[in-house]
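Here's the letter readout for the chains.
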Amino acid sequence: MEEQLNDVKKDIIVGIVECNKRGLMHCAKWLAELNHGLSETSVDLREAPFQNMHSGIATAEYDDYVLAKSYFDVQEYDRSAYFTRNCTSPVPKFLHIYATYMSKEKKRLDNMTDSSVVSTTKHVKDFADLLTTLRTEHSQKQLDGYCLYLYGVILKKLDLNDMAVQVFVEAVNAEPTLWSAWIELAPLVTGKAILHKLDLPKHWMKQIFIGYTYIELFLNDEGIRVFDKLQAKGFGKCVFIPTQLAIAFSNKRDVDRSIEIFQHLQDIDPYRLDNLDSYSNLLFVKDMKTEMSHLAHKVIEINKYSPETCCVVGNYYSIRADHYKAVMYFQRALKLNPRYLSAWTLMGHEFMEMKNTNAAIQSYRQAVEVNKRDFRAWYGLGQAYEILKMPFYSLHYYKAAQTLRPFDSRMLVALGETYEKLDKDHDAIKCYMKAYEVGDIEGMAMFSLAKLYEKQGETEKAIQAYMSFCSEENLVSDKASLCHAYLTLATYYDKHDDIDKAKHFAYKCLDYEDMKREAESLLKIIASKRIPTQPPATDDASKSGKEGNPEQQPDSDATEPFADDMDMDETNVAPPTSMVDLVMNQQPAQEPTDIPEYQMEESFDINE
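Note that the structure is a prediction, hence the values are computed from the model and not measured.

Chemist: Quick rundown of the overall build of the chain? Include the residues and the values.
Modeler: Of regular secondary structure, the chain possesses 33 helices and 0 strands. Across the 608 residues in the chain, those meeting the buried criterion constitute 52%. Working note: accessible area of the chain is about 30,300 Å², and carbon and sulfur atoms make up 50% of it.

Chemist: Pulling in residues and values, what's your account of the packing of helix H6 (residues 90-110) against helix H8 (residues 145-157)?
Modeler: Where H6 contacts H8, the axes come no closer than 9 Å and their chain directions differ by 25°. Classified by the interaxial angle, the pair formed by H6 and H8 is roughly parallel. Along this stretch, H6 crosses H8, giving a crossing that reads as left-handed. Contacts between H6 and H8 involve Phe-94, Ile-97, Tyr-98, Tyr-101, Glu-105 and Arg-108 from the first element and Tyr-146, Cys-147, Leu-150, Val-153, Ile-154 and Lys-157 from the second. Tallied by class, the residues present in the contact of H6 with H8 amount to 9 nonpolar, no polar and 3 charged.

Chemist: Describe in detail the state of the cysteines, supporting the description with residues and values.
Modeler: Applying the stated criterion across every chain, the model contains 0 disulfides. The structure places no disulfide on Cys-311, whose sulfur is separated from the nearest cysteine sulfur, that of Cys-310, by 8.5 Å. A relative accessible area of 0% places Cys-311 in the buried class.

Chemist: Can you explain helix H25 (residues 425-439)? Please cite residues and give values.
Modeler: Taking 1.5 Å of rise per residue, the 15 residues of H25 would be expected to cover 21 Å, and the 21 Å separating its terminal C-alpha atoms lies within 8% of that figure. Considered for burial, the residues of H25 that qualify are Asp-425, Ala-428, Ile-429, Cys-431, Tyr-432, Met-433, Ala-435, Tyr-436, Val-438 and Gly-439.

Chemist: Mind laying out the packing of H25 against helix H26 (residues 445-456), listing which residues take part and the relevant values?
Modeler: The contact between H25 and H26 brings their axes to 9 Å, and the two run at 150°. It follows from the interaxial angle that H25 and H26 lie roughly antiparallel. Taken as a pair, H25 and H26 cross one another with a handedness that is left-handed. The segment H25 lies against H26, with Asp-425, Ala-428, Ile-429, Tyr-432, Met-433, Ala-435 and Tyr-436 engaging Ala-445, Met-446, Ser-448, Leu-449, Leu-452, Tyr-453, Lys-455 and Gln-456. Along the lines of polarity and charge, the residues of the contact of H25 with H26 split into 11 nonpolar, 2 polar and 2 charged.

Chemist: Kindly report on H8, identifying the contributing residues and their values.
Modeler: Between its first and last C-alpha atoms H8 spans 19 Å; for 13 residues at 1.5 Å apiece the expected length is 18 Å, and the two agree. The buried fraction of H8 amounts to 12 of the 13 residues, a majority that puts the element mostly inside the structure. Within H8 the residues assigned to the buried category are Gly-145, Tyr-146, Cys-147, Leu-148, Tyr-149, Leu-150, Tyr-151, Gly-152, Val-153, Ile-154, Leu-155 and Lys-157. Of the residues flanking the end of H8, it is Asp-159, one or two places downstream, whose phi is positive at about 60°.

Chemist: How would you explain the UniProt feature "repeat: TPR" (unreviewed entry) in the chain if you had to name every residue and give the values?
Modeler: Residues annotated by UniProt as "repeat: TPR" (unreviewed entry) correspond here to residues 307-340 and 341-374. For residues 307-340, helix accounts for 79% and strand for 0%, while the C-alpha atoms at its two ends are 8 Å apart.

Chemist: Now, about the packing of aromatic side chains: what can you tell me, with residues and values included?
Modeler: A full pass over the atoms with the stated rule returns 26 aromatic pairs. Between Tyr-385 and Tyr-393, the ring centres sit 5.1 Å apart and the planes meet at 20°, which makes this aromatic pair stacked. You can call Tyr-385 buried: its relative accessible area is 9%. Residue Tyr-393 is classed as partly exposed on the basis of its relative accessible area, which comes to 44%. Through a chain of ring-to-ring contacts, the aromatic side chains of Trp-30, Trp-179, Tyr-212, Phe-227 and Phe-240 assemble into a single cluster. A cation over an aromatic ring shows up here: Arg-85 above the ring of Tyr-82, its NZ or CZ 3.9 Å from the ring centre. The aromatic ring of Phe-218 is capped on one face by Arg-405, whose charged end is 5.0 Å from the ring centroid.

Chemist: Describe the environment of Tyr-151, and please don't skip the residues or the numbers.
Modeler: In this structure, Tyr-151 sits in helix H8. On the accessibility criterion, Tyr-151 (1% relative accessible area) is buried. Separated by 16 residues in sequence, Tyr-151 and Val-167 have C-alpha atoms that sit 7.3 Å apart. If we skip the residues at most four places from it in the chain, Tyr-151 touches Leu-131, Leu-134, Arg-135, His-138, Leu-143, Met-163 and Val-167.

Chemist: Requested: an account of the environment of Ser-180, with residues and values cited.
Modeler: Relative to the assigned elements, Ser-180 resides in helix H10 (residues 179-185). Looking at Ser-180, the relative accessible area reads 12%, which means it is buried. Residues Ser-180 and Met-25, spaced 155 residues apart in sequence, show a C-alpha to C-alpha distance of 10.0 Å. Beyond its immediate chain neighbours, meaning those up to four positions away, Ser-180 contacts Cys-27 and Tyr-149.

Chemist: So what about the confidence of the model for the chain? Which residues, and what values?
Modeler: Confidence in the prediction for the chain averages 82 pLDDT; 82% of positions are at 70 or higher. Looking across the chain, the model is least confident in helix H32 (residues 561-565), with a mean pLDDT of 39, and most confident in helix H18 (residues 307-319), with 95. Below a pLDDT of 50 lies the segment residues 537-608, which in the model reaches 157 contacts outside its immediate sequence neighbourhood of four places, other chains included.

Chemist: Residue-level account of the environment of Ala-485, with values.
Modeler: Here Ala-485 is to be found in helix H28 (residues 479-495). Judged by its relative accessible area of 0%, Ala-485 is buried. When sequence neighbours within four positions are dropped, the list of residues in contact with Ala-485 reads Tyr-466, Phe-469 and Cys-470.

Chemist: Report on unusual backbone geometry, specifying residues and quantitative values.
Modeler: Most peptide bonds adopt trans geometry, and most residues besides glycine take a negative phi value. With a phi angle near 55°, Lys-141 is a residue other than glycine that sits in the positive phi range. Tracing the sequence through the fold places Lys-141 in the loop between helix H7 (122-139) and H8. Located in the positive-phi region is Arg-253, a residue other than glycine, with phi close to 70°. Checked against the element boundaries, Arg-253 lands in the loop between helix H14 (240-251) and helix H15 (255-268). Residue class for Arg-253 comes out buried when judged on its relative accessible area of 11%.

Chemist: Describe the pattern of salt bridges, listing the residues and the values that go with them.
Modeler: Pairing is possible between side chains of opposite charge, provided their charged atoms come close. Summed over the entire model, instances satisfying the criterion amount to 22 salt bridges. For Asp-425, the salt bridge is made with Lys-455, and the minimal N-O distance between the two is 3.9 Å. With Asp-425 in helix H25 and Lys-455 in helix H26, the pair connects residues that are 30 residues apart, well separated along the chain. Note on Asp-425: relative accessible area 18%, which makes it buried. A single network of salt bridges, built from pairs that share partners, joins Glu-18, Lys-21 and Arg-22.

The rules behind the values
Residues numbered from 1 in each chain as written. Predicted model: local features only at pLDDT ≥ 70, side-chain atom pairs only at ≥ 80, totals over all residues. Heavy atoms only, no water. Helix = DSSP H or I, 4+ residues; strand = E, 2+ residues; numbered from the N terminus. Buried < 20%, exposed > 50% of the residue type's maximum accessible area, 1.4 Å probe, protein only. Areas by Shrake-Rupley, 256 points an atom, 1.4 Å probe, with all protein chains shown as cover. Axes fitted to C-alpha atoms, helices over the stretch in contact; angles between N-to-C directions. Parallel < 35°, antiparallel > 145°, perpendicular 65-115°, else oblique. Left-handed = near helix turned anticlockwise from the far one by under 90°. Contact = heavy atoms within 4.5 Å. Nonpolar A, V, L, I, M, F, W, Y, C, P; charged D, E, K, R; others polar. Disulfide = S-S within 2.5 Å. Expected span 1.5 Å × (residues − 1). UniProt positions renumbered as here; feature names shortened; annotations may be inferred. Phe/Tyr/Trp six-rings, centres within 6.5 Å; stacked < 30°, edge-to-face > 60°. Lys NZ or Arg CZ within 6 Å of the ring centre and 35° of its normal. pLDDT = per-residue confidence, 0-100. Salt bridge = Lys/Arg side-chain N within 4 Å of Asp/Glu carboxyl O.

And the structure:
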């Protein structure tokens, strides 16, 4: 294994040098972090691959390259492109194309009149000349892996995704350590089958990409398995690996474990800002106000003008219910990076909290523009149109969210409620049942199903659904619904003279002020049924009773209905049967998880 890690580290070091020469700073940073995680593996830097630090630069072009690279580093992109315009060797040629691209992109963003727009129709016009040049050279097979990467980026911006996938695959085959190309390819992979059809290089980077893409596709268990194997092979100290594991556990609703990993990363790399927006989302879900405050103050000290910092501070104000300031900080994050997904989604949530539905819709739409796999944005759009009483639109967006998260009960319950509004009761029932089977996060699927059965007049099925709903009362956050279910059950069993069950559920209603009076009235009715009927007395018995000892008369409390009934006897209450068994005659549903999921609708999410 040591020999394999030695080869891996050699690849990484060469990749760092090549990316730095070309101004690919983010890729160089990622490779440097990976290299640092392999610090226990040593390589001889005197070997041939590390000797020529200026390979790919023609001697005659070296002076122009050095000048252009210095301009590029201080973001003078036009000057950089000008001084490399006639260069033909690989490194200066790439720098010329990259500087031209960065100049056009920077001007496009600076000239945007509306910061709330991610993509415009000007893309084609902006990159037309560059696209023509790259397309011609690509057809002549004159592009190296780095230039292929840039070609793919431009194709992706123009929504030519099929061509972009082919070009990115060519790029990673030519330069397997070019992580920027892998990361651009991942959002274009829409399914596991497509992933395995790609002609990817047989290189150690492939496994990192597969694990990353699995988590992007919400195939969290498979992604975790890939990264666990990589950790076992010696990548355990590379911060990227535990970060991806934390995101995967967050997606699986294992919030505590995810927070634990992020806290560990903070200990080993205290000034790291990457993915801290995800960490702050988890703190929001757990309502950890103190930790959120500490994190917000810390990131401001590190870098006040980072998009991650603005997002963390926005979450801090959101948890304090200061939604106007939260929106302000999310907008600052978007001025720094208009394609910052978390800020769009979270800003949408804030606008929903502020009852500004139109602004929320705009934010969610931009989040979808950035990443069409952002289920929180699709779900937020469904909620927004539900508020606007446009159920057909809601149905479309909820379906998109449910397609991305097929086993998330929130999506299924939302779909069911929308189907119900459209009078498609059969589809609604199927959604509620599936939500219960996959593990009802909010515990409301059975309540919605019971209400629907009541509306249809199917009382027996409604009662069975209410029983299932009440059997998991610890998972239910809406106590008013729980009380309604108790009172309905108590009334039903009272009508059917099942006194013990009626009394059991009526007593549970006494804990809720809204239903307390009705419960007390129902208990009095139930108690009256418990009064024993006196048998008709014979003349002898009557006479004997009148003439007997007064001390032998029955205790007056024996006829008091509440005397015997105040201590509730639950021994006669049968444990509720699984709703799935009773209604659908299927196998018992799996137990729902106890870990609460990041609830978008409550987490103000996005922009989730």
